[in-house]
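Survey of secondary and tertiary structure
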Amino acid sequence: NGHFGSIVCNSAIEHIPDVESTLRECHRVLAPGGRLWITTPSHYFGGMLLGSRALRSVGLRGTAEAYARWFNGHSLHFHTDSRETWHERLEQHGFAVQQSFYYLTPGAHSAFDLLHYLSAWRWIRRRVTGRWVGSGLTLNAFWPARISGLIERSWPTEAGPYLYLDATRKS
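In what follows, the accompanying structure is described.

Procedures and definitions
- Residues numbered from 1 in each chain as written.
- Predicted model: local features only at pLDDT ≥ 70, side-chain atom pairs only at ≥ 80, totals over all residues.
- Heavy atoms only, no water.
- Helix = DSSP H or I, 4+ residues; strand = E, 2+ residues; numbered from the N terminus.
- Axes fitted to C-alpha atoms, helices over the stretch in contact; angles between N-to-C directions.
- Parallel < 35°, antiparallel > 145°, perpendicular 65-115°, else oblique.
- Contact = heavy atoms within 4.5 Å.
- Nonpolar A, V, L, I, M, F, W, Y, C, P; charged D, E, K, R; others polar.
- Phe/Tyr/Trp six-rings, centres within 6.5 Å; stacked < 30°, edge-to-face > 60°.
- Buried < 20%, exposed > 50% of the residue type's maximum accessible area, 1.4 Å probe, protein only.
- Pairing = 2+ DSSP bridges.

**Here's the deal with the environment of glutamate 65**
Looking at the element boundaries, glutamate 65 is found in helix H3 (residues 61-74). C-alpha separation for the pair glutamate 65 and glycine 47, spaced 18 residues apart in sequence, amounts to 7.1 Å.

Laid out in structure tokens, this is it:
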């Protein structure tokens, strides 16, 4: 009880079904004044995916929403909530939010979505060969430098697919 000075939940808390128990436990183990840092997909996550945006742009709103639900389910996201919901949740569990903001632009998030499909050939290769690693030739080496520029210019933003939260345990 009250032992740790900080907890970092980097894109993890959205995968935990019982987030309330998790936050109670974070509060229990943090020392008064201890910090809790969370990064998590926001309620904008599904709608800002490339697939969702493309489907909406051609008038397929229902299909776009279905794609967003599928992607969140496939990713095992139990919680993709707004900044306000997270603030309320943290306050209820004895935390004071110090800072929070959305990050990543729709363009950067679209690149994230596209990369899932560009890496599909690796999954196929594993199914065929039983190994993840193949030849030294990889398309994945091309993308990080291209995308890092998008990401660096992507936060904070008014509405983004991801949310950063910095909270302090109240005494």
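Anyway, onward from the coordinates.
**Side note on the packing of helix H2 (residues 50-57) against helix H5 (residues 106-118)**
Running from N to C, H2 and H5 point in directions that differ by 110 degrees, and their axes come no closer than 8 Å. If you check the angle between H2 and H5, you find them roughly perpendicular. On the side of H2, the interface is formed by Leu50, Gly51 and Arg53, while H5 contributes Pro106, Gly107, Ser110, Asp113 and Leu114. Residue classes in the contact of H2 with H5 are distributed as three nonpolar, three polar and two charged.

**Side note on the packing of aromatic side chains**
Inspection of every chain in the model, using the stated rule, returns twelve aromatic pairs. Measuring from centroid to centroid gives 5.9 Å for tryptophan 70 and phenylalanine 71, while their planes differ by 80 degrees, and the two rings are edge-to-face. The exposure class assigned to tryptophan 70 is partly exposed, which follows from its relative accessible area of 44%. Plain terms: the ring middles of tyrosine 103 and tyrosine 162 are 5.6 Å apart, the flat faces sit at 25 degrees to each other, and that makes the pair stacked. Of this pair, tyrosine 103 sits in strand E3 (residues 95-103) while tyrosine 162 sits in strand E4 (residues 162-169), and the two are 59 residues apart along the sequence. Each member of the pair, tyrosine 103 as well as tyrosine 162, is classed as buried.

**Considering the sheet that holds strand E1 (residues 4-10)**
Paired through backbone hydrogen bonds, the strands of a sheet run either parallel or antiparallel to each other. Taken in spatial order, the four strands line up as E1-E2-E4-E3 in an open sheet, and their pairing is mixed. Taken across any chain shown, the strands that pair with only one partner, and hence form the sheet edges, are E1 and E3. For this sheet the average axis-to-axis angle between neighbouring strands, irrespective of direction, equals 10 degrees. Two strands pair when backbone bridges link them, and E3 and E4 are joined in this way by eight bridges, in the antiparallel orientation. Within E4, the residue paired with alanine 96 across the bridge is threonine 168. Contacts between helix H1 (residues 19-29) and the sheet are confined to E1, strand E2 (30-41), E3 and E4, with E2 contributing the most and set at about 145 degrees to the helix. Against the sheet, helix H4 (residues 83-92) engages E2, E3 and E4, with an angle of about 160 degrees to E3.

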